[in-house]
Amino acid sequence: ELPNPLLTYQLYDKFADCMGAMTEDERMVKVHDVVQQLPPPHYRTLEFLMKHLSRLATHSTETNMHIKNLAIVWAPNLLRSKEIESVGLSGTDAFKEVRIQSVVVEFLLSNVDILFSDSFTSVGKSNAAADGGVRKISGQWEGRLLSLDEARIKTKQPPPVCLPRPRLTSQLSIIEATED
């Protein structure tokens, strides 16, 4: 359980607003601008996951997991609203929320090569005001995800304390002990 979904509670409304009535070019710019607002670890993880799922979709003839199916499966795990979770929607309201979530993830999967490209740049209201220009995260990291141990070393966190496991006794050894 992540305390905050990958696309973050804070950006839920912005992602949902991107799916409103507009041209595909406008949507691309708006989604790109919102993706750029993700915290760097979320951005890198999203980039890796979307590229992986996009590659997986290329095998949809064998797996039947095309982009739409992948979006339906992954959307509720990637994009959630804290307000909606606290209310606990049911019926058609819940269905509408899942629909919004899956449309956002489907758009990300369909446009992964553009949205995470170093050559695509956009300056929307949110980026221009906050950053004074375009923020390119993809060029700021080493090109690979860190292992858990590497991340702990980098953040100087000690490894978790592991308690010794209790010795499991098989049924056979219990039977042998009672026969003696």
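Residues numbered from 1 in each chain as written. Predicted model: local features only at pLDDT ≥ 70, side-chain atom pairs only at ≥ 80, totals over all residues. Heavy atoms only, no water.

Caption draft 1: Broad picture of the pattern of salt bridges. Applying the stated criterion to the full structure yields three salt bridges. Ionic pairing is found between Lys51 and Glu47, a salt bridge with its closest N-O pair at 3.1 Å. Highlighted residues: Lys51 and Glu47, both in helix 3 (residues 40–57), separated by four residues, approximately one helical turn. (Salt bridge = Lys/Arg side-chain N within 4 Å of Asp/Glu carboxyl O. Helix = DSSP H or I, 4+ residues; strand = E, 2+ residues; numbered from the N terminus.)

Caption draft 2: Spatial organisation of helix 5 (residues 67–78). For helix 5, the complete set of buried residues consists of Leu70, Ala71, Ala75 and Leu78. Buried positions in helix 5, seen along its axis, are confined to an arc of 125° and lie on one side of it. (Buried < 20%, exposed > 50% of the residue type's maximum accessible area, 1.4 Å probe, protein only. Arc of directions from axis to C-beta.)

Caption draft 3: Examining the side chain of Ser102 more closely. Here Ser102 shows up in helix 7 (residues 92–110). Residue classification places Ser102 among the buried residues on the basis of a relative accessible area of 7%. Look past the residues within four positions of Ser102 in its chain and what remains in contact with it is Ala71, Ile72 and Ala75. (Contact = heavy atoms within 4.5 Å.)

Caption draft 4: Molecular detail of the nonpolar core. In this structure, Val35, Leu46, Met50 and Leu108 are the most contacted members of the largest nonpolar core, which totals 32 residues. Of all the elements in the fold, those that place two or more residues in this core are helix 1 (12–17), helix 2 (24–36), helix 3, helix 5, helix 7 and helix 8 (112–115). In terms of residue count, the dominant contributor to this core is helix 3 (six residues). Other than its neighbours up to four places away in sequence, Leu46 contacts Leu6, Leu7, Val35, Leu38, Leu108 and Phe116. (Core = buried A, V, L, I, M, F, W, Y, C linked by side-chain atoms within 4.5 Å.)

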